[in-house]
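Read off the chains here:
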Amino acid sequence: MYQLVSSCSPSSSCINQCHCVRDPGPLPFVRRFSLEDIRRATGGFRRIISNYAHGSVYKAQFRDGLLALVKEVTALHEGKDAFLQEVKLLRRLHHRHLVSLRGFATGQERFLIFEYPEQGSLKEHLNDPLKTPLSWRTRMQIAIGVTAALEYLNFFCEPPVHHVSINSSNVLLDENFVPKLSGVAFLGSPGNRIGVSHASCSKGHMDQDCKDMIFQLGVLILELITGQSSEKEGGNLVRWVQESKFIGFVDKIVDPDLGNSYDSKELKSLLAVARFCTKTGNKPTVSIQLILRYLQGK
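Described below are features of the structure shown in this document. Worth saying up front: this structure is predicted, and the values here are computed from it rather than measured.

Looking at helix α3 (residues 80-91)
- Taking 1.5 Å per residue as the helical rise, α3 with its twelve residues ought to reach 16 Å, and the 17 Å between its terminal C-alpha atoms agrees with that figure.
- When α3 is considered as a whole, its buried residues turn out to be A82, F83, L84, E86, V87, L89 and L90.
- Buried residues belonging to α3 abut β4 (67-73), β5 (101-105), β6 (110-115) and β10 (184-185).

Shown next as structure tokens:
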């Protein structure tokens, strides 16, 4: 079993399944939607899924049957050209654990349109008592899948993508409960400009965006374990995992919906990962790549 310490070498398994983003080049074919299309598909902008720093996120059903996630972009100060460059780069991201860009709309109001996997968000499955509880195996696969997406974004994209919002609302599940991460952007974080290589987790240096990403991953893992919302209990969960010695308390933290249907060894491994991810300080002791290897048991 690997120890969770800093490492920089990419895993060969990810190289085989990922496609690097290098030169944006000409805008590849991507569908352009009108504002009226989006207004109609979102029920007059009433089907809000969540809100984030640059606007709202909507669930949309278009006339041709496309079920989509529509992301409003209201605070992108770089202008139209930068927005179109963002579209080019997002269109080139290809990974089984990332949502795919389906289109965009530009004008006075700007939107990005992504696929919306049919099982909806992880948050719904953890918080809705009417939904069948997620099995332990599914939760493990979600943790591994989200971490694999982060490895791809940080090690196999140029420029690396560090502006990622990781929470249960931004983890969507397909018909087989395969996780697909949304909330990914090239622009939007301070100092992050397309075409300028910024500090990378892969260079033995972790900038603040990277630290935040690892912390968010740790909180998401705690949410998978406990079934508690990170929005309400995130601080309490982090304090618990940092202060607890896990002796006699492990079973009490597990989501009651799981009953006894979980692997105790895997549970302790997940808790160890969450502890390392949420450890505060200026020198993170864990990397995305090593988290992935650890979770995969390699």
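Regarding unusual backbone geometry
- With a phi angle near 60°, F45 is a residue other than glycine that sits in the positive phi range.
- In this fold, F45 is placed in the loop between α2 (35-41) and β2 (48-52).
- The exposure class assigned to F45 is buried, which follows from its relative accessible area of 19%.
- In this model, F177 sits at a positive phi of 60°, which is unusual for a non-glycine residue.

A look at the pairing of β2
- Relative to strand β3 (residues 55-61), β2 runs antiparallel, the two sharing four bridges. Note that in β3 the partner of N51 across the bridge is S56.
- In sequence, β2 turns back onto β3 through a hairpin of two residues.

What to know about the pairing of β4
- Burial of β4 is extensive: six of the seven residues sit out of reach of the surface.
- In terms of strand pairing, β3 meets β4 through five bridges, oriented antiparallel. Across the sheet, K59 pairs through a bridge with L69, a residue of β4.
- Count of turn residues in the β3/β4 antiparallel hairpin: five residues, of which G65 carries a positive phi of about 100°.
- Direction of pairing for β4 relative to β6: antiparallel, over a ladder of six bridges. Within β6, the residue paired with V73 across the bridge is R110.

Comments concerning the packing of aromatic side chains
- Under the defined criterion, the tally for this structure stands at five aromatic pairs.
- Residues F33 and F62 carry aromatic rings whose centres are separated by 4.6 Å and whose planes lie at 40° to one another, so their mutual orientation is tilted. Of this pair, F33 sits in the loop between β1 (31-32) and α2 while F62 sits in the loop between β3 and β4; the two residues are 29 residues apart in sequence, bridging distant segments of the chain.
- F62 gets classed as buried once you look at its relative accessible area, which sits at 5%.

Here's the deal with the nonpolar core
- In terms of nonpolar packing, the biggest core is built from 74 residues, with L93, L112, L150 and L153 touching the most fellow members.
- For this core, the element with the highest residue contribution is helix α5 (residues 136-155), accounting for twelve residues.
- Excluding residues that lie within four positions of it along the chain, L112 makes contacts with L69, V70, K71, V73, F83, V87, L90, L101, G103 and F104.
- Core analysis: the next-biggest nonpolar cluster, separate from the first, contains 13 residues, F45, F62, A68 and A105 among them.

Parameters at a glance
- Residues numbered from 1 in each chain as written.
- Predicted model: local features only at pLDDT ≥ 70, side-chain atom pairs only at ≥ 80, totals over all residues.
- Heavy atoms only, no water.
- Helix = DSSP H or I, 4+ residues; strand = E, 2+ residues; numbered from the N terminus.
- Expected span 1.5 Å × (residues − 1).
- Buried < 20%, exposed > 50% of the residue type's maximum accessible area, 1.4 Å probe, protein only.
- Contact = heavy atoms within 4.5 Å.
- Pairing = 2+ DSSP bridges.
- Phe/Tyr/Trp six-rings, centres within 6.5 Å; stacked < 30°, edge-to-face > 60°.
- Core = buried A, V, L, I, M, F, W, Y, C linked by side-chain atoms within 4.5 Å.

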